[in-house]
Amino acid sequence: MKRLKKNKELYYQKKAYYKKDKFFIVLIILFTLLVVNILFIYVQYERKQNETEKELKKQEELIKKRDRIERIKYGDIIFLGDSLTDCYDLNKYYNFPIVNSGVSGWTTDDILNHLNEKVFQYNPKKLVLLIGTNDINRDKDSNYITSNIEKIVKKIKEKRPKVTIYVESLYPINHTASEKINQQTVGKRTNQTIMEINKKLRKYCSVNNIKYIDMYPILIDKNGNLRLEYTKEGLHINEKGYQVITKRILKNIEL
């Protein structure tokens, strides 16, 4: 009888323990599910945060792009010309809104045919014009070149009467026998023709109250050629040359 009673007690004890174990197992499962759920919610939250941050960053980039486009569209100054302008890293030398409308290989005729896209779509306060050296290489004489430059200025003035135009003198070239010079690049250009054009441009600007920036004297050596230290190969300008040019431009334009 005692043994039966003892077995009965053991049975109930085991049953109680089993209930406790079952309770703890359920509790552990519930806790695990809770943790998993929390982790899932956290992961979703982090993903959403990342997506939100990416979207905000995207919006910021779009705003910056729009502002950059607006800044270009309504730049303070346009530089208009050929490769001498196209290769001029304007953003490196100037800290205000600026547009580089230079195109390598262009002549005065090219500019006359593309004023809408290179000038009129913008709303500049000032315009710096340097063009003509490629015309020389295509056998255009000084009268033809200066006449076209006058037409360019006139058309810009008619369409943008408030813009201040600065006409740069043509830059000298160097066709000496120096190893640095590429005679093929320099081509048919001569400093005699360049000086003849510059003389006509100076007179035109003086008579018509156009700002004239004379670059020629500050770029030549004692023999009247483009300084070797300012050029890449006798025609195009290197960084040291553009530093000199920038100083002269900043000295002449009214900011």
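Given the structure is predicted, the values throughout are model-derived calculations rather than measurements.

Visitor: Would you take a moment to explain helix α7 (residues 142-159) for this structure?
Guide: Since the α-helix packs 3.6 residues into each turn, any two residues three or four apart lie on the same face. Compared with an ideal rise of 1.5 Å per residue, which puts 18 residues at 26 Å, α7 spans 26 Å between its outermost C-alpha atoms and is within 8% of the ideal. Those residues of α7 that sit buried are S142, I145, T146, N148, I149, I152, V153 and I156. Looking straight down α7, one finds that the buried residues subtend no more than 160° of arc, so they occupy a single side. Turned more than 90 degrees off the buried face of α7, the exposed positions are K154 and E158.

Visitor: For this particular structure, what's the right way to read helix α11 (residues 239-252)?
Guide: Compared with an ideal rise of 1.5 Å per residue, which puts 14 residues at 20 Å, α11 spans 20 Å between its outermost C-alpha atoms and is within 8% of the ideal. Buried residues in α11 make contact with β1 (77-81), α2 (83-86), α3 (90-93), β4 (164-168) and α10 (216-219).

Visitor: So what exactly am I meant to see when it comes to the pattern of salt bridges here?
Guide: For side chains bearing opposite charge, pairing can occur when the charged atoms are close. Applying the stated criterion to the full structure yields five salt bridges. Note that K188 and D139 form a salt bridge whose closest N and O atoms lie 3.0 Å from each other. A residue pair is termed long-range when its members are at least 10 positions apart, and K188 in the loop between α8 (183-186) and α9 (191-207) and D139 in the loop between α6 (133-137) and α7 qualify at 49 residues. For D139, a relative accessible area of 58% gives the class exposed.

Visitor: Sorry if this is basic, but what is going on with unusual backbone geometry here?
Guide: Backbone phi values are negative for most residues with the exception of glycine, while trans is the configuration of most peptide bonds. Phi angles above zero are rare outside glycine, and D139 is one such case at about 65°. Even without being a glycine, N209 presents a positive backbone phi close to 55°. Note that N209 resides in the loop between α9 and β5 (211-213). On the basis of relative accessible area, N209 is assigned to the exposed category, the value being 71%.

Basis of the calculations
- Residues numbered from 1 in each chain as written.
- Predicted model: local features only at pLDDT ≥ 70, side-chain atom pairs only at ≥ 80, totals over all residues.
- Heavy atoms only, no water.
- Helix = DSSP H or I, 4+ residues; strand = E, 2+ residues; numbered from the N terminus.
- Expected span 1.5 Å × (residues − 1).
- Buried < 20%, exposed > 50% of the residue type's maximum accessible area, 1.4 Å probe, protein only.
- Arc of directions from axis to C-beta.
- Contact = heavy atoms within 4.5 Å.
- Salt bridge = Lys/Arg side-chain N within 4 Å of Asp/Glu carboxyl O.

Interpretation in functional terms is not warranted from these geometric data alone.
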